Amino acid sequence: MTKEIWISDVLSGTLVDQEVSLKGWVKRTRSSGKISFITLRDSTGSIQCVAKSGSLPDEQMEALKSSLIETSVIITGLVKADERSGGFEVAVSAAEVVGAVNPDSPFPITESAMAVADGGETEFLLDNRHLYLRTSRMTTMLKIRSSVFGAIHSYFRELDFVEYQAPCFVAGAVEGGSTLFEVPYFGRKAYLTQSWQLYAEAAMPALERLYTIAPSFRAEKSRTRRHLTEFWHAEMEIAWGGNDDVMAHGEALVRHICRTLLDERSQELETLGRDLDLIRRYADNPFPRIRYDEAVERLQAKGVDIEWGQDLDYSKEKILTQDFEVPHFLTHYPRIAKPFYHRPDPDDEKYVLCHDLLAPEGYGEIIGGGERTWSEKEILERIDEEGTPREPYEFYIDVRRYGGVPHGGFGLGVDRVVSWLAGAEHIREVIPFPRDSRRVTP
RNA sequence: GCCGCUUUAGCUUAGUUGGUGGAGCGUGGGACUGUUAAUCCCAAGGUCGCCGGUUCGAACCCGGCAAGCGGCGCCA
């Protein structure tokens, strides 16, 4: 029982006056005496089917008329061009209900629930996420998301990067230890990974150019429009490259994602009310780069209370992004503000060779990356200076003991990129089952 | 960890300066042969988040709790 004809085929206009058998779900019904209108949807679109008494067996007519929203059906009929339905419709000659919906528990997501929560953010819709997935807004988001994932793979694979997987159970932290999820592990403690990076560095001398798209986990209690506890992380690592080389990849990747969305998902983006000119601007223009010091000066000139050495929090990032119409890099943060694996700048050891990529429209950080500390002497100094225990990082230090080379990489928050480019109100809108500090169900 | 807001039918909500709760959608029944969130008539459906207090009387006032949402710090 495979499916050969999709609603999008009918809407393309090539099947006029042909009989088709459409498999799908009832989106809406209207009835006017002896004529019934059924809007049928599948994953590719929706179309109006018109059932008239006498044109199909009575019992099929009755079954169709009493079909509730989300009943699965197979509808057979003649495709007709018809202005009254805004293009094409199907004149029903046969209908088979495959999976009925019980009137005692009809599909709970009604027009009223959708109208108020344009974005699926009410408690009710989050509780019914498994059903909300079927709505057109969520379907559109998931298609855009799929294209972003595809674009990331195609970018790296075209450049001969190798896709490489790191473990999800780990013993040590990448970022600060407070955001680790601890899990029992046969009488010991393990943690869910926060990043692929440390294990990627171990494979760097083997593969030289590698990337991944994988979930990362952070036990942050953040309740913002850009945070999840489980998020999809696209990371890359290259040997024989420095901060500038890594940034060049970050810029090229984000521009490639924008170009891919314009090619594959313009219609979906417009459905969501997104201005395609903005996406074109991001795809076609170089991303400016400013140093941390310049960012601090700019902020101070605007009267923002910030001292040198402070990390830039979201409110300050947001003020900065207002100066730019495209994504832009912030580089050379003070060493004291960043973890041990960032390499100090040989020209001025107060700074590290790192970068963040900030998305415009007030969105904020989507990439964090940089050059790694790559000599044994320097990595031990930095680990000790931070007060971090060496033991969990022995394998990481070994990368430096046996033929260390300059290398670097970045991590991109895939959900954040989708959220930014789709113009979502909240990052939850772009992932099927969002996880945050308050929600692990459904 | 901190600050703020919300909670009334399956969903979205109105409401009473304290006197046993209204509507729209959805569902069920009826009318209608071109509807576009169809329309019209009828019906069922609510311990007004939970616990306690004040009161002759609490959905409404007070206290506590819970859940959810928004935001901050931190980050991708």
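Residues numbered from 1 in each chain as written. Chains lettered and ligands numbered in written order. Predicted model: local features only at pLDDT ≥ 70, side-chain atom pairs only at ≥ 80, totals over all residues. Heavy atoms only, no water.

Asker: Talk me through the overall build of chain A; I want residue IDs and the actual numbers.
Answerer: Looking only at helices and strands, chain A features 14 helices and 18 strands. Taking the principal axes of its C-alpha atoms as reference, chain A extends roughly 85 × 55 × 40 Å. The 442 residues of chain A split such that 50% are buried. Accessible surface, chain A as shown: approximately 20,600 Å² in total, 50% of it carbon and sulfur. Distance between charge centres in chain A, computed from 52 positive and 71 negative side chains, equals 4 Å. (Helix = DSSP H or I, 4+ residues; strand = E, 2+ residues; numbered from the N terminus. Buried < 20%, exposed > 50% of the residue type's maximum accessible area, 1.4 Å probe, protein only. Areas by Shrake-Rupley, 256 points an atom, 1.4 Å probe, with all protein chains shown as cover. Lys, Arg positive; Asp, Glu negative; His and termini not counted. Charge placed at Lys NZ, Arg CZ, Asp CG, Glu CD.)

Asker: Talk me through the protein's contact with RNA strand B; I want residue IDs and the actual numbers.
Answerer: Lining the immediate surroundings of RNA strand B are 51 residues, of which R84, K221, S222, I366 and R416 lie closest. Within 4 Å of the protein, the contacting atoms of RNA strand B are 53% sugar and phosphate, with bases supplying the remainder. Within the side chain of E89, one N or O atom sits 2.6 Å away from a base nitrogen of RNA strand B. At 3.3 Å from a sugar or linking oxygen of RNA strand B is found a main-chain nitrogen or oxygen belonging to P103. (Near = heavy atom within 4 Å. Polar contact = N/O pair within 3.5 Å; in protein donor to acceptor, adjacent residues only side chain to side chain.)

Asker: Can you tell me about the sheet that holds strand β6 (residues 162-163), naming the residues and giving the values?
Answerer: Strand order across the open sheet formed by 8 strands is β6-β10-β11-β18-β17-β16-β13-β12, with mixed pairing between neighbours. Taken across any chain shown, the strands that pair with only one partner, and hence form the sheet edges, are β6 and β12 (289-291). The strands touched by helix α8 (residues 243-271) are β11 (230-239), β12, β13 (328-331), β16 (354-359), β17 (364-371) and β18 (407-413); relative to β18, the strand with the most contacts, the crossing angle is about 30 degrees. Each of β10 (209-217), β11, β16, β17 and β18 is contacted by helix α14 (residues 414-422), which is oriented at about 50 degrees to β18, the strand it contacts most. (Pairing = 2+ DSSP bridges. Contact = heavy atoms within 4.5 Å. Axes fitted to C-alpha atoms, helices over the stretch in contact; angles between N-to-C directions.)

Asker: Got a sec to walk through helix α13 (residues 394-401)? Specific residues and values, please.
Answerer: Buried residues of α13: Y396, I397, V399 and R400, and no others. One side of α13 holds all its buried residues, which, seen down the axis, span an arc of 140 degrees. Among the residues trailing α13, G403 stands out with phi positive, at a value near 70 degrees. (Arc of directions from axis to C-beta.)

Asker: How would you summarise unusual backbone geometry if you had to cite specific residues and measurements?
Answerer: The amide bond that connects T441 to the next residue, P442, takes the cis arrangement and shows omega of -5 degrees. Mapped onto the secondary structure, P442 falls in the segment after α14. Look at D17: it is not a glycine, yet its phi comes out positive at around 70 degrees. For D17, the position within the fold is in the loop between α1 (7-11) and β1 (19-32).

Asker: For the side chain of D345, give the residues involved together with the corresponding values.
Answerer: Within the secondary structure, D345 sits in strand β14 (residues 344-345). An unpaired buried charge is present at D345: no salt bridge exists, and R291, the closest side chain of opposite charge, is 4.3 Å distant. Polar contacts involving the side chain of D345 include one to the main-chain amide nitrogen of D347, which spans 3.0 Å. (Salt bridge = Lys/Arg side-chain N within 4 Å of Asp/Glu carboxyl O.)

Asker: So what's going on with the nonpolar core? Which residues, and what values?
Answerer: Ranked by internal contacts, the top residues of the largest apolar core, which has 51 residues, are I152, F156, L412, V414, W420 and L421. Apart from residues lying up to four places away in sequence, F156 is in contact with F161, Y211, M236, L253 and F410. By size, the runner-up hydrophobic cluster in this structure holds 21 residues, among which are I38, I47, A51 and V73. (Core = buried A, V, L, I, M, F, W, Y, C linked by side-chain atoms within 4.5 Å.)

Asker: Residue-level account of the packing of aromatic side chains, with values.
Answerer: What characterises a pair of aromatic rings is the spacing of the ring centres plus the angle enclosed by the ring planes. Under the definition given, this model contains 15 aromatic pairs. Note on W308 and Y351: the rings are 5.8 Å apart at their centroids and 85 degrees apart in plane angle, and the pair reads as edge-to-face. Here the residue W308 occupies a position in the loop between α10 (292-301) and α11 (314-321), and Y351 occupies one in strand β15 (residues 348-352), the gap between them amounting to 43 residues. Ring pairs connect the aromatic residues Y155, F156, F161 and Y211, which therefore count as one cluster. A cation over an aromatic ring shows up here: K338 above the ring of Y333, its NZ or CZ 4.4 Å from the ring centre. One residue, R400, lies across the ring of Y396, its end atom 4.0 Å from the ring centre. (Phe/Tyr/Trp six-rings, centres within 6.5 Å; stacked < 30°, edge-to-face > 60°. Lys NZ or Arg CZ within 6 Å of the ring centre and 35° of its normal.)

Asker: Please provide a residue-by-residue account of the pattern of salt bridges, values included.
Answerer: In this structure the tally under the stated criterion is 33 salt bridges. The salt bridge involving K302 is made with D323; its shortest N-O contact spans 3.1 Å. Taken together, the positions of K302 in the loop between α10 and α11 and D323 in the loop between α11 and β13 put the pair 21 residues apart, joining distant regions of the chain. Judged by relative accessible area, which is 42%, K302 ranks as partly exposed. Taking the relative accessible area as the measure of exposure, D323 reaches 33% and is therefore partly exposed.

Asker: Quick rundown of the sheet that holds β1? Include the residues and the values.
Answerer: A barrel is described by the order of its strands in space; here 5 strands give the closed sequence β1-β2-β3-β5-β4, paired in mixed fashion. Going across the sheet, the axis of each strand differs from the next one's by a mean of 55 degrees, ignoring polarity. Against the sheet, helix α2 (residues 58-65) contacts β1, β2 (35-42), β3 (45-52), β4 (72-82) and β5 (87-99), and its axis sits at roughly 95 degrees relative to β5.

Asker: Help me get a handle on the domain arrangement of chain A, residues and values and all.
Answerer: Assigned domains within chain A: domain 1 (7-99) and domain 2 (136-430). Relative to domain 2, the C-alpha centre of domain 1 lies at a distance of 48 Å. (Domains from an automatic or database assignment.)

Asker: Which residues make up helix α6 (residues 136-158), and what values go with them?
Answerer: With 23 residues, α6 extends 33 Å between its outermost C-alpha atoms, agreeing within 8% with the 33 Å of an ideal straight helix rising 1.5 Å per residue. Backbone geometry just after α6 places D160 at a positive phi near 65 degrees. (Expected span 1.5 Å × (residues − 1).)

Asker: An account of the pairing of β11 is requested, with residue identities and associated values reported.
Answerer: Along β11, 8 of the 10 residues are buried, which leaves the element largely enclosed by surrounding structure. As paired elements, β10 and β11 share 9 bridges and run antiparallel to each other. Directly across from A214, in β11, lies its bridge partner H233. Where β11 and β18 come together, 7 bridges link them in antiparallel fashion.

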